[in-house]
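# An overview of the molecular structure
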Amino acid sequence: MSTPPTVSVSIVIPVYNEELNLPTLFARLYPVLDALGRRYEIIFTNDGSADRSFALLQAQHAARPDVTRVIDFNSNYGQHMAIMAAFERVRGDVIVTLDADLQNPPEEIPKLLEKIDAGFDYVGGYRLNRQDSFFRTYASRLINLVREKTTSIEMTDQGCMLRAYRRAIIDAIVRSGAINTFIPALAYSFSGNPTEVGVKHEERHAGVSNYSFYSLIRLNFDLITGFSIAPLQYFTMFAGLCSLGSLALVAVLFVRRFVFANLDGDAFGTFTLFGILFFLLSVAMIGIGLIGEYVGRTYQVVRARQRYHVRETLETKSS
Ligand code: UDP
Ligand code: MG
(Lines give C-alpha, C1' and ligand atoms only; values in the text may rest on other atoms or scores of the structure.)
(Ligands and ions follow the chains in the order given, each with its own letter.)
Protein backbone atom coordinates (compact mmCIF):
# COMPACT_ATOMS: atom_id res chain seq x y z
CA MET A 1 0.00 0.00 0.00
CA SER A 2 1.30 3.42 -0.87
CA THR A 3 -1.00 5.53 1.29
CA PRO A 4 0.96 6.97 4.20
CA PRO A 5 0.05 5.61 7.61
CA THR A 6 -1.74 8.70 8.83
CA VAL A 7 -3.69 7.12 11.62
CA SER A 8 -2.52 4.37 13.84
CA VAL A 9 -5.06 1.94 15.12
CA SER A 10 -5.24 0.05 18.40
CA ILE A 11 -7.40 -3.05 18.48
CA VAL A 12 -8.53 -4.02 21.98
CA ILE A 13 -9.67 -7.59 22.64
CA PRO A 14 -10.72 -9.09 25.98
CA VAL A 15 -10.04 -12.80 26.22
CA TYR A 16 -11.60 -15.17 28.69
CA ASN A 17 -11.31 -18.90 28.03
CA GLU A 18 -11.15 -18.55 24.27
CA GLU A 19 -8.55 -21.21 23.41
CA LEU A 20 -10.82 -22.64 20.74
CA ASN A 21 -11.35 -19.28 19.06
CA LEU A 22 -7.94 -17.64 19.27
CA PRO A 23 -6.23 -19.52 16.40
CA THR A 24 -9.02 -18.59 13.98
CA LEU A 25 -9.11 -15.05 15.34
CA PHE A 26 -5.37 -14.62 14.71
CA ALA A 27 -5.69 -16.13 11.24
CA ARG A 28 -8.47 -13.73 10.26
CA LEU A 29 -7.57 -10.57 12.16
CA TYR A 30 -3.91 -10.00 11.27
CA PRO A 31 -4.41 -10.17 7.47
CA VAL A 32 -7.25 -7.64 7.69
CA LEU A 33 -5.04 -5.23 9.62
CA ASP A 34 -1.96 -5.84 7.50
CA ALA A 35 -4.03 -4.92 4.45
CA LEU A 36 -5.08 -1.58 5.98
CA GLY A 37 -1.77 0.07 5.25
CA ARG A 38 -1.80 1.76 8.63
CA ARG A 39 0.33 1.32 11.68
CA TYR A 40 -1.52 -0.79 14.19
CA GLU A 41 -1.25 -2.70 17.44
CA ILE A 42 -3.44 -5.37 18.95
CA ILE A 43 -3.84 -5.46 22.72
CA PHE A 44 -5.20 -8.66 24.17
CA THR A 45 -6.21 -8.74 27.81
CA ASN A 46 -6.21 -12.21 29.27
CA ASP A 47 -8.99 -11.92 31.83
CA GLY A 48 -7.88 -14.75 34.12
CA SER A 49 -8.57 -17.54 31.63
CA ALA A 50 -8.41 -21.03 33.08
CA ASP A 51 -7.61 -22.68 29.74
CA ARG A 52 -4.66 -22.37 27.36
CA SER A 53 -5.61 -18.88 26.17
CA PHE A 54 -2.61 -17.20 27.76
CA ALA A 55 -0.18 -19.72 26.28
CA LEU A 56 -1.68 -19.05 22.85
CA LEU A 57 -1.35 -15.30 23.37
CA GLN A 58 2.27 -15.72 24.42
CA ALA A 59 2.98 -17.68 21.26
CA GLN A 60 1.25 -15.04 19.17
CA HIS A 61 3.26 -12.32 20.84
CA ALA A 62 6.42 -14.22 20.01
CA ALA A 63 5.28 -14.58 16.39
CA ARG A 64 4.28 -10.92 15.87
CA PRO A 65 6.03 -8.93 18.62
CA ASP A 66 5.91 -5.74 16.53
CA VAL A 67 2.13 -5.41 16.68
CA THR A 68 1.01 -7.66 19.53
CA ARG A 69 0.68 -6.72 23.18
CA VAL A 70 -0.71 -8.90 25.93
CA ILE A 71 -1.95 -7.85 29.36
CA ASP A 72 -2.32 -10.72 31.79
CA PHE A 73 -4.74 -10.31 34.70
CA ASN A 74 -4.20 -12.39 37.81
CA SER A 75 -7.88 -13.34 37.86
CA ASN A 76 -11.22 -12.73 36.20
CA TYR A 77 -12.42 -9.13 36.42
CA GLY A 78 -14.92 -9.16 33.57
CA GLN A 79 -14.96 -8.03 29.99
CA HIS A 80 -15.27 -4.33 30.73
CA MET A 81 -12.33 -4.19 33.14
CA ALA A 82 -10.28 -6.11 30.58
CA ILE A 83 -11.09 -3.44 28.01
CA MET A 84 -10.34 -0.65 30.50
CA ALA A 85 -6.88 -2.03 31.23
CA ALA A 86 -6.13 -1.98 27.52
CA PHE A 87 -7.56 1.55 27.18
CA GLU A 88 -5.10 2.74 29.80
CA ARG A 89 -2.25 1.51 27.64
CA VAL A 90 -3.31 2.19 24.05
CA ARG A 91 -0.94 4.04 21.74
CA GLY A 92 -3.15 4.47 18.66
CA ASP A 93 -5.16 7.47 17.53
CA VAL A 94 -8.17 5.30 16.84
CA ILE A 95 -9.25 2.50 19.13
CA VAL A 96 -11.38 -0.43 18.04
CA THR A 97 -12.91 -2.93 20.47
CA LEU A 98 -13.64 -6.46 19.33
CA ASP A 99 -14.79 -9.71 20.93
CA ALA A 100 -12.48 -12.71 20.78
CA ASP A 101 -15.20 -15.18 19.87
CA LEU A 102 -15.55 -14.00 16.25
CA GLN A 103 -19.18 -13.01 16.69
CA ASN A 104 -18.12 -9.68 15.21
CA PRO A 105 -16.16 -10.54 12.08
CA PRO A 106 -12.78 -8.77 12.03
CA GLU A 107 -13.37 -8.17 8.31
CA GLU A 108 -15.80 -5.41 9.33
CA ILE A 109 -13.10 -3.26 10.96
CA PRO A 110 -12.29 -1.27 7.79
CA LYS A 111 -15.95 -0.23 7.63
CA LEU A 112 -15.67 1.39 11.05
CA LEU A 113 -12.38 3.08 10.20
CA GLU A 114 -13.95 4.60 7.09
CA LYS A 115 -16.49 6.34 9.29
CA ILE A 116 -13.75 7.60 11.61
CA ASP A 117 -11.89 8.94 8.58
CA ALA A 118 -15.10 10.66 7.52
CA GLY A 119 -14.91 12.71 10.71
CA PHE A 120 -16.97 10.84 13.29
CA ASP A 121 -15.44 10.35 16.71
CA TYR A 122 -17.56 7.38 17.78
CA VAL A 123 -18.68 4.56 15.52
CA GLY A 124 -20.99 2.01 17.07
CA GLY A 125 -21.69 -1.25 15.35
CA TYR A 126 -25.13 -2.77 15.36
CA ARG A 127 -25.63 -6.38 14.50
CA LEU A 128 -27.39 -7.16 11.28
CA ASN A 129 -29.26 -10.48 11.64
CA ARG A 130 -28.26 -11.06 15.20
CA GLN A 131 -27.30 -14.66 15.95
CA ASP A 132 -28.22 -14.98 19.58
CA SER A 133 -30.97 -16.87 21.29
CA PHE A 134 -34.51 -15.58 20.98
CA PHE A 135 -34.55 -14.81 24.66
CA ARG A 136 -31.35 -12.77 24.64
CA THR A 137 -32.34 -10.81 21.60
CA TYR A 138 -35.67 -9.76 23.08
CA ALA A 139 -34.40 -9.27 26.62
CA SER A 140 -31.79 -6.90 25.29
CA ARG A 141 -34.38 -4.96 23.25
CA LEU A 142 -36.35 -4.44 26.43
CA ILE A 143 -33.30 -3.21 28.30
CA ASN A 144 -32.51 -0.92 25.39
CA LEU A 145 -35.92 0.65 25.81
CA VAL A 146 -35.46 1.18 29.56
CA ARG A 147 -32.04 2.67 29.00
CA GLU A 148 -33.33 5.09 26.38
CA LYS A 149 -36.03 6.26 28.78
CA THR A 150 -33.67 6.79 31.69
CA THR A 151 -30.56 8.17 29.99
CA SER A 152 -29.91 10.27 26.93
CA ILE A 153 -27.80 7.57 25.35
CA GLU A 154 -28.98 6.46 21.94
CA MET A 155 -27.72 3.15 20.69
CA THR A 156 -29.35 0.75 18.32
CA ASP A 157 -27.51 -2.18 19.76
CA GLN A 158 -25.80 -1.77 23.09
CA GLY A 159 -24.62 -5.35 23.10
CA CYS A 160 -22.45 -5.03 20.03
CA MET A 161 -18.83 -4.61 21.08
CA LEU A 162 -17.44 -3.94 17.63
CA ARG A 163 -16.94 -0.20 17.98
CA ALA A 164 -14.38 2.42 17.05
CA TYR A 165 -13.46 5.51 19.05
CA ARG A 166 -11.15 8.43 18.60
CA ARG A 167 -8.39 8.73 21.12
CA ALA A 168 -9.89 11.72 22.94
CA ILE A 169 -12.90 9.65 23.98
CA ILE A 170 -10.75 6.86 25.33
CA ASP A 171 -8.64 9.36 27.28
CA ALA A 172 -11.82 10.78 28.78
CA ILE A 173 -12.96 7.29 29.80
CA VAL A 174 -9.64 6.53 31.43
CA ARG A 175 -9.65 9.84 33.30
CA SER A 176 -13.19 9.28 34.53
CA GLY A 177 -11.93 6.30 36.52
CA ALA A 178 -15.41 4.80 36.34
CA ILE A 179 -16.10 1.48 37.97
CA ASN A 180 -18.59 -1.19 36.89
CA THR A 181 -18.90 0.60 33.72
CA PHE A 182 -20.61 -0.17 30.49
CA ILE A 183 -18.03 1.08 28.05
CA PRO A 184 -20.07 1.77 24.89
CA ALA A 185 -22.52 3.91 26.87
CA LEU A 186 -19.78 5.79 28.72
CA ALA A 187 -17.97 6.44 25.45
CA TYR A 188 -21.17 7.69 23.90
CA SER A 189 -21.60 10.22 26.66
CA PHE A 190 -18.17 11.66 25.82
CA SER A 191 -18.61 11.71 22.06
CA GLY A 192 -19.37 14.78 20.02
CA ASN A 193 -20.14 13.31 16.65
CA PRO A 194 -21.35 9.71 16.95
CA THR A 195 -22.61 7.46 14.21
CA GLU A 196 -23.49 3.82 13.67
CA VAL A 197 -22.90 1.18 11.04
CA GLY A 198 -24.44 -2.23 10.54
CA VAL A 199 -21.99 -5.07 10.96
CA LYS A 200 -22.36 -8.75 10.29
CA HIS A 201 -22.94 -11.01 13.23
CA GLU A 202 -21.95 -14.63 13.35
CA GLU A 203 -22.62 -17.35 15.79
CA ARG A 204 -19.98 -17.78 18.41
CA HIS A 205 -17.16 -19.60 16.62
CA ALA A 206 -16.67 -22.10 19.45
CA GLY A 207 -17.53 -22.49 23.10
CA VAL A 208 -20.45 -20.90 24.92
CA SER A 209 -21.13 -17.35 26.00
CA ASN A 210 -19.38 -16.37 29.21
CA TYR A 211 -22.44 -14.51 30.34
CA SER A 212 -24.89 -16.24 32.57
CA PHE A 213 -28.40 -14.95 32.99
CA TYR A 214 -27.32 -13.58 36.35
CA SER A 215 -24.33 -11.63 35.07
CA LEU A 216 -26.46 -10.14 32.29
CA ILE A 217 -28.90 -8.87 34.89
CA ARG A 218 -26.03 -7.31 36.82
CA LEU A 219 -24.61 -5.70 33.71
CA ASN A 220 -27.97 -4.19 32.93
CA PHE A 221 -28.31 -2.84 36.45
CA ASP A 222 -25.03 -1.07 35.80
CA LEU A 223 -26.35 0.30 32.59
CA ILE A 224 -29.46 1.72 34.18
CA THR A 225 -28.15 3.02 37.49
CA GLY A 226 -24.65 3.85 36.28
CA PHE A 227 -25.64 6.69 34.00
CA SER A 228 -28.43 8.63 35.63
CA ILE A 229 -30.45 9.08 38.77
CA ALA A 230 -33.69 9.11 36.77
CA PRO A 231 -34.76 5.75 38.30
CA LEU A 232 -34.73 7.36 41.74
CA GLN A 233 -36.80 10.24 40.45
CA TYR A 234 -39.30 7.95 38.74
CA PHE A 235 -39.55 6.03 41.95
CA THR A 236 -40.27 9.16 43.93
CA MET A 237 -42.96 10.15 41.45
CA PHE A 238 -44.50 6.71 41.68
CA ALA A 239 -44.41 6.89 45.48
CA GLY A 240 -46.22 10.23 45.24
CA LEU A 241 -48.96 8.63 43.14
CA CYS A 242 -49.26 5.79 45.64
CA SER A 243 -49.73 8.16 48.53
CA LEU A 244 -52.42 10.06 46.65
CA GLY A 245 -54.10 6.73 45.95
CA SER A 246 -54.00 5.75 49.62
CA LEU A 247 -55.39 9.11 50.62
CA ALA A 248 -58.33 8.53 48.27
CA LEU A 249 -58.79 5.05 49.72
CA VAL A 250 -58.87 6.41 53.26
CA ALA A 251 -61.52 8.89 52.19
CA VAL A 252 -63.62 6.10 50.65
CA LEU A 253 -63.32 3.96 53.77
CA PHE A 254 -64.20 6.90 55.98
CA VAL A 255 -67.33 7.67 54.02
CA ARG A 256 -68.29 3.99 53.98
CA ARG A 257 -67.87 3.66 57.72
CA PHE A 258 -69.58 6.85 58.86
CA VAL A 259 -72.05 7.68 56.12
CA PHE A 260 -73.28 4.17 55.23
CA ALA A 261 -72.49 2.71 58.66
CA ASN A 262 -72.51 -1.04 59.30
CA LEU A 263 -72.19 -2.37 55.79
CA ASP A 264 -71.95 -6.09 55.26
CA GLY A 265 -68.64 -7.47 54.07
CA ASP A 266 -66.33 -5.42 56.27
CA ALA A 267 -64.21 -8.51 56.84
CA PHE A 268 -63.64 -8.58 53.11
CA GLY A 269 -62.55 -4.96 53.34
CA THR A 270 -59.90 -5.90 55.89
CA PHE A 271 -58.32 -8.34 53.49
CA THR A 272 -58.40 -5.81 50.70
CA LEU A 273 -56.52 -3.50 52.99
CA PHE A 274 -53.94 -6.26 53.61
CA GLY A 275 -53.55 -6.67 49.88
CA ILE A 276 -52.93 -2.98 49.41
CA LEU A 277 -50.59 -2.91 52.39
CA PHE A 278 -48.46 -5.75 51.03
CA PHE A 279 -48.31 -4.09 47.68
CA LEU A 280 -47.10 -0.84 49.17
CA LEU A 281 -44.64 -2.72 51.32
CA SER A 282 -43.11 -4.36 48.28
CA VAL A 283 -42.92 -1.01 46.53
CA ALA A 284 -41.05 0.34 49.54
CA MET A 285 -38.65 -2.58 49.41
CA ILE A 286 -37.92 -1.98 45.74
CA GLY A 287 -37.15 1.60 46.68
CA ILE A 288 -34.71 0.50 49.36
CA GLY A 289 -33.02 -1.80 46.88
CA LEU A 290 -32.74 1.00 44.35
CA ILE A 291 -31.22 3.38 46.87
CA GLY A 292 -28.87 0.57 47.86
CA GLU A 293 -27.67 0.33 44.25
CA TYR A 294 -26.62 3.95 44.32
CA VAL A 295 -25.14 3.79 47.80
CA GLY A 296 -23.13 0.70 46.80
CA ARG A 297 -21.85 2.48 43.75
CA THR A 298 -20.86 5.51 45.80
CA TYR A 299 -19.08 3.21 48.24
CA GLN A 300 -17.07 1.59 45.47
CA VAL A 301 -16.01 4.92 44.05
CA VAL A 302 -15.15 6.38 47.43
CA ARG A 303 -13.15 3.33 48.44
CA ALA A 304 -11.10 3.73 45.25
CA ARG A 305 -9.55 0.31 45.48
CA GLN A 306 -7.38 -0.88 42.62
CA ARG A 307 -9.82 -2.21 40.04
CA TYR A 308 -7.74 -5.03 38.66
CA HIS A 309 -4.30 -6.50 39.02
CA VAL A 310 -1.97 -7.04 36.09
CA ARG A 311 0.37 -9.96 36.60
CA GLU A 312 2.46 -9.42 33.53
CA THR A 313 2.50 -7.53 30.23
CA LEU A 314 4.11 -8.76 27.06
CA GLU A 315 5.12 -5.93 24.79
CA THR A 316 7.99 -4.36 23.01
CA LYS A 317 8.90 -0.87 24.14
CA SER A 318 6.86 1.99 22.77
CA SER A 319 7.67 2.73 19.15
N1 UDP B 1 -14.89 -11.86 28.30
C2 UDP B 1 -13.93 -11.46 29.24
N3 UDP B 1 -14.16 -11.65 30.58
C4 UDP B 1 -15.32 -12.21 31.04
C5 UDP B 1 -16.31 -12.58 30.08
C6 UDP B 1 -16.07 -12.39 28.74
O7 UDP B 1 -12.87 -10.93 28.87
O8 UDP B 1 -15.47 -12.37 32.24
C9 UDP B 1 -14.63 -11.66 26.87
C10 UDP B 1 -14.80 -12.90 26.01
O11 UDP B 1 -13.60 -13.63 25.91
C12 UDP B 1 -15.20 -12.29 24.66
C13 UDP B 1 -16.01 -11.07 25.07
O14 UDP B 1 -15.59 -10.74 26.39
O15 UDP B 1 -14.07 -11.85 23.93
C16 UDP B 1 -17.49 -11.32 24.99
O17 UDP B 1 -17.84 -12.42 25.77
P18 UDP B 1 -18.97 -13.46 25.36
O19 UDP B 1 -18.81 -13.87 23.94
O20 UDP B 1 -18.97 -14.53 26.39
O21 UDP B 1 -20.26 -12.57 25.52
P22 UDP B 1 -21.53 -12.49 24.54
O23 UDP B 1 -21.04 -12.45 23.13
O24 UDP B 1 -22.32 -13.71 24.84
O25 UDP B 1 -22.17 -11.21 24.96
MG1 MG C 1 -19.85 -13.51 22.20
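Everything discussed here concerns the structure shown above.
Being a predicted model, the structure only gives us computed values, none of them experimental.

This paragraph deals with the coordination of the magnesium ion (ligand 2). Asp101 (OD) and Gln103 (OE1) make up the full set of protein donors to the magnesium ion (ligand 2), lying at 1.8 to 2.0 Å. By the burial criterion, Asp101 is buried, and Gln103 matches it.

Looking now at the sheet that holds strand E1 (residues 9–15). An order of E7-E5-E6-E4-E1-E2-E3-E8 is seen for the eight strands of this open sheet, with the pairing classed as mixed. The strands lining the two open edges of the sheet, one partner per strand, are strand E7 (194–199) and strand E8 (310–314). Geometrically, the sheet is characterised by an average inter-axis angle of 20 degrees between neighbouring strands, direction not taken into account. One ladder, built from four bridges, connects strand E3 (residues 68–73) with E8; its direction is antiparallel. Looking across to E8, one finds that Val70 is bridged to Leu314. Along the sheet, helix H6 (residues 167–176) makes contact with strand E4 (94–97), strand E5 (122–127) and strand E6 (163–166), crossing E6 at roughly 90 degrees. Relative to E6, helix H7 (residues 183–190) is tilted by about 35 degrees, and along the sheet it contacts E5, E6 and E7.

Attention now goes to the site of ligand 1. Around ligand 1, the structure places 17 residues, and the nearest of them are Glu18, Asp47, Asp101, Ser209 and Asn210. In the environment of ligand 1, an oxygen atom lies 2.6 Å from a nitrogen or oxygen atom belonging to the side chain of Gln103. Protein coverage of the free-state accessible area of ligand 1, which is 530 Å², stands at 94%. The residue makeup of the shell around ligand 1, split by class, is five nonpolar, six polar and six charged.

Right, let's talk about the pattern of salt bridges for a bit. If you walk through the whole model with that rule in mind, you get 16 salt bridges. Put simply, Glu18 and Arg204 hold a salt bridge, and the shortest N to O gap is 3.0 Å. In this pair, Glu18 is assigned in the loop between E1 and helix H1 (22–34) and Arg204 in the loop between E7 and helix H8 (213–225), connecting sequence segments 186 residues apart. Both residues of the pair, Glu18 and Arg204, belong to the buried class. Across the pair Glu19 and Arg52 runs a salt bridge, and its minimum N-O distance is 3.3 Å. One end of the pair, Glu19, is in the loop between E1 and H1; the other, Arg52, is in the loop between strand E2 (40–46) and helix H2 (53–63), and 33 residues separate them in sequence.

Criteria and thresholds
Residues numbered from 1 in each chain as written. Chains lettered and ligands numbered in written order. Predicted model: local features only at pLDDT ≥ 70, side-chain atom pairs only at ≥ 80, totals over all residues. Heavy atoms only, no water. Donors = N, O, S within 2.8 Å, 3.2 Å for Na, K, Ca; no water. Buried < 20%, exposed > 50% of the residue type's maximum accessible area, 1.4 Å probe, protein only. Pairing = 2+ DSSP bridges. Helix = DSSP H or I, 4+ residues; strand = E, 2+ residues; numbered from the N terminus. Axes fitted to C-alpha atoms, helices over the stretch in contact; angles between N-to-C directions. Contact = heavy atoms within 4.5 Å. Near = heavy atom within 4 Å. Polar contact = N/O pair within 3.5 Å; in protein donor to acceptor, adjacent residues only side chain to side chain. Areas by Shrake-Rupley, 256 points an atom, 1.4 Å probe, with all protein chains shown as cover. Nonpolar A, V, L, I, M, F, W, Y, C, P; charged D, E, K, R; others polar. Salt bridge = Lys/Arg side-chain N within 4 Å of Asp/Glu carboxyl O.

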